[in-house]
Structure formats: C-alpha cells, structure tokens
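A closer look at the structure
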Amino acid sequence: MSTTPVTVLRDVRPWGGERSDLHVADGVITAVVPHDPAAQGDGAVDGAGLLALPGLVNAHAHVDKSWWGKPWMSYGGEPGTQGRIAHERAHRDELGIPGVDVTLAVLRESVRTGTTAVRSHVDVDLGVGLRGIEVVREAVAALGGAVHAEIVAFPQDGVLRRPGVLDLLDQAAAAGAEHIGGLDPASIDRDPVGQLDGLFAIAERRGVGIDVHLHDGGELGAFQIELMIDRTVRSGLQGKVNVAHGFAVGQLAGSRQADLVAAMGEAGISMTTVAPIGAAPLPLHALRAAGVPVGLGTDGIRDLWSPYGTGDLLTLTTQLARLAGFRRDEDLVTAARVASADAARFVGRPTHDLVVGAPADVVLVDAQNVPDAVVRAPRRALVVAAGRVVAREGEVLV
C-alpha cells in the first residue's frame, strides 16, 4: 500500500459520540481521547467532525465470482440453485473467472464503500481445483492491507455427489483456508448425514471452521441445523460453525423457533444473512439474545448467478434494517453493529471496533448519528484500513 500511515485521526465522532482523536501506531488504535485542536504533525488526518464507524465487515461474500468492471453479461440460466450452478459452470471461463483482475476490481469497489474485512466463500470444485483460493489471496495481497480476508473453501457444485470434492476441501484446509463450506446437505447431496460427517471430520482433523450454505426451508432446514448442532457439540467445535442464509430459522414459528435458536446459542453456532428480499427475515433480536452471533454479507456481487449487487455493505445494512422492521434508534444501531463491530469473529479478529487495541479500520460519513447513517447510507468520505487512508470521497487510493 503506497498511502501514508495515519498517526492521528483527528476530530471524529466514534459511533456518533463526542469529538475525539484516534491515535494509531502499526495499524492499531492506541488511544481514543477527547479532540485536541492542537493535535497536528506528520500523519495527522483531519476528520472534520464526521461520524466514525468501524470498517465494515462483509461476512458472506463470493469475491472470486464477480464480473464487476467487465461488459454487461445478460443472465441466461434456469431458475433455482441447480440452474444457476449450471449457468455459472458454462460461462465462467469466458469471463476469466476466477481471475485476479476481476477479483481485484470487486474488492476495490468494496474498499471504496467502506469494507475493510471480508469472509469470502471461494469455489473449490473438480473444474478449478484450488485455483480460486490462490486467485483471491493474490488479489488481497495486491491491495497491501486495504482488506483483511478469511477464506471459506466452498463446494458450490455439491460435496458427496461430486467424488473428489471432499479431498479438495481437505487439501484447502491443509493449505491454510480458515474454513470449509457445505451446501444444502439434503437437497443438493441428498445425504445430510454423509455431507456433514465428512465436513466435520475435516474440521476436526485440520482445526478449521465450517460455514454451510443452507437454503432448505421449514422443517427440512431445521433438521439439518439440528444435525449441525449435535455434531458441533460432539466434536468440540463450538464457536467455529456457521449457518449461512438459514431461511428455515425465519420460517419457524413460536416455540419451535425459540427452541432451535436457543440450541444454536448453546452450541456456539453463528449465522450470516444477506438480507434477501422475499425471504422470511431472521429473528435478529432473538438470535442475539440467545448468544447467536449474526453477520451480514453481500453474497454474490454482479456475477453469473445474478446481475444485482454493488458491494456496498452500508446500503445493505439499510435493507437489513428495513426488512427487520427496525425503526427505533437502538435497533438501527444494532444493524450497524451487525455490519461492523459485532462481526469481528467472522474474520478471525478478537475485536473490530473503535477502541484501543483494535485494528485501525475506520469509515467516516457525514451523518448526524448512527441511525441517520444506517437509514441514508451516505457517501463514504474517508476509509482507513490498517491505519492507512485507502479511499477518500469515492476515490480508491490503492
């Protein structure tokens, strides 16, 4: 990264509070003190009294799939998960997917809008092998610290139904992928017990996390979550297992939902959502009260599954809040925390906030307070990552 290190981020309002100065050294916040107009010197950056939030955390992305920056690609696939998988497999090569250039393009757009940390699912299959993981790592490295990333080796085309994929997931874990993924153990592989047994065996052996895409709804989805709860507890993987999407949780009613959420909390299982329009919203308050961490992610961004998506996580936070029916200030602050500070665990960080000891990842916006920022998703005036300015007034500097 060629930008100058920040030593003091002057005159900012962390979480909309009093004007403060954030002191930074080696990419870490070392002090948060009342604003001192005399705090100047090399590396001092003026925040002009703007609202400060922690860098946004995209807890569920697919940065290896995007065709951001390329000519428009009309969607021509069939509906449903299977149709989208087939369409992607048929056309990804002609778009150079996975490729460093396209991955770098979508990561830079994410940085521009304030994302400084990502958990990305990266396709691992018989066609690309582990090449997508290498591509994403190269693109992240090219940004020189502007984005911190953890990788999920993701079997987009199924696990057991494609012999050899379990071995690829094991190789990915052995080579440093922080998590391995799964996909609808029942409706894709038609063998939920077999898929989950295979994934948990790798996770136990390699010491990695598990992050399963679960689109199956209702009781079928709930049954698979119960299988994951059981295996998480038996294998001692509490705190390392995530259910992505988990539409079933939002669809269950009354005591059935409450019991499942409570069991997830006791097992240390987390959830990530992409705030999809048309799906039953997750019970965010109930999940948080039960100790189930919730992260927010973009899912695919202008890819062969869908032309939608911009990578702007703050705009997606607005959507999350609206779908959840949030109106009160405290709820809107909760939405902002889901997209930032509370998502630290999804990117392997003990803390990700505007506090001493946290990475110096900061986003400045011109807003009265946090609820105002969530509702309007104003332009990101300044983005600091690892103690360096990486975007300013919509221009990416890396």
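As the structure is a computational prediction, the values presented were derived from the model and not from experiment.

Rules and cut-offs
- Residues numbered from 1 in each chain as written.
- Predicted model: local features only at pLDDT ≥ 70, side-chain atom pairs only at ≥ 80, totals over all residues.
- Heavy atoms only, no water.
- Core = buried A, V, L, I, M, F, W, Y, C linked by side-chain atoms within 4.5 Å.
- Buried < 20%, exposed > 50% of the residue type's maximum accessible area, 1.4 Å probe, protein only.
- Contact = heavy atoms within 4.5 Å.
- Helix = DSSP H or I, 4+ residues; strand = E, 2+ residues; numbered from the N terminus.
- Expected span 1.5 Å × (residues − 1).
- Pairing = 2+ DSSP bridges.
- Axes fitted to C-alpha atoms, helices over the stretch in contact; angles between N-to-C directions.
- Salt bridge = Lys/Arg side-chain N within 4 Å of Asp/Glu carboxyl O.
- Right-handed = clockwise from strand over helix to strand, strands pointing away.
- Parallel < 35°, antiparallel > 145°, perpendicular 65-115°, else oblique.
- Left-handed = near helix turned anticlockwise from the far one by under 90°.
- Nonpolar A, V, L, I, M, F, W, Y, C, P; charged D, E, K, R; others polar.

1. Re the nonpolar core
Ile 180, Ile 210, Val 249 and Met 264 are the most contacted members of the largest nonpolar core, which totals 84 residues. Discounting chain neighbours no more than four positions away, the residues touching Val 249 are Ile 225, Gln 257, Leu 260, Val 261, Met 264, Met 271, Leu 282, Pro 283 and Leu 287. Core analysis: the second largest hydrophobic core is formed by 14 residues, Val 12, Ala 381, Val 384 and Val 389 among them.

2. Examining helix α5 (residues 192–206)
Its 15 residues give α5 an end-to-end C-alpha distance of 21 Å, which sits within 8% of 21 Å, the value for a rise of 1.5 Å per residue. Against the buried residues of α5 lie α4 (165–174), β8 (179–183), β9 (209–214), α6 (218–235) and β10 (241–245).

3. Some points on the sheet that holds strand β11 (residues 269–273)
Where strands meet in a sheet, backbone hydrogen bonds hold them as pairs that are either parallel or antiparallel. Across the sheet, 8 strands lie side by side as β5-β6-β7-β8-β9-β10-β11-β12; this open sheet has parallel pairing. Lying at the two open borders of the sheet, with one neighbouring strand each, are β5 (56–61) and β12 (294–296). Across the sheet, the mean angle separating the axes of adjacent strands is 25 degrees when strand polarity is ignored. As paired strands, β10 and β11 are joined by 4 bridges and run parallel to one another. Within the sheet, the bridge partner assigned to Asn 242 lies in β11 and is Ser 270. Against the sheet, α6 touches β9, β10 and β11, its axis set at about 165 degrees to β10.

4. Quick notes on the pattern of salt bridges
Any two side chains of opposite charge can pair, given that their charged atoms come close. Taken as a whole, this structure holds 25 salt bridges when the rule is applied. The partner of Glu 88 in a salt bridge is Arg 89, and the shortest N-O contact between them spans 2.5 Å. For Asp 125, the salt bridge identified is with Arg 89, shortest N-O distance 3.2 Å. With Asp 125 in the loop between β6 (115–123) and α3 (131–142) and Arg 89 in helix α1 (residues 80–91), this pair connects stretches of sequence that are 36 residues apart. Ionic contacts of the salt-bridge type, sharing partners, join the residues Lys 65, Glu 88, Arg 89, Arg 92, Asp 123 and Asp 125 into one network.

5. A short note on the pairing of strand β7 (residues 148–154)
With respect to burial, β7 is a largely interior element, 5 of its 7 residues being buried. Sheet topology note: the β6/β7 ladder contains 7 bridges and is parallel. Bridge pairing in β7 places Ser 120 opposite Ile 151. Pairing analysis gives 2 bridges linking β7 to β8, with the strands arranged parallel. Across the sheet, Ala 153 pairs through a bridge with Ile 180, a residue of β8. A crossover connection joins β7 to the parallel β8 through α4; in handedness this β-α-β unit is right-handed.

6. Things to note about the sheet that holds strand β16 (residues 395–396)
Pairing is mixed across the open sheet formed by 8 strands, whose spatial order is β3-β2-β1-β4-β13-β14-β15-β16. Among the strands making up the open sheet, the edge pair consists of β3 (28–34) and β16.

7. So, the packing of α5 against α6
Here α5 crosses α6 at 30 degrees, and the two axes come no closer than 11 Å. Relative to α6, α5 is oriented roughly parallel. Helix-helix and strand crossings are classified by hand; for α5 and α6 the assignment is right-handed. Where α5 approaches α6, its residues Pro 192, Val 193, Leu 196, Asp 197, Phe 200 and Glu 204 are matched on the opposing element by Phe 223, Gln 224, Leu 227, Met 228, Arg 231, Thr 232 and Ser 235. Across the contact of α5 with α6, the residue classes tally to 7 nonpolar, 3 polar and 3 charged.

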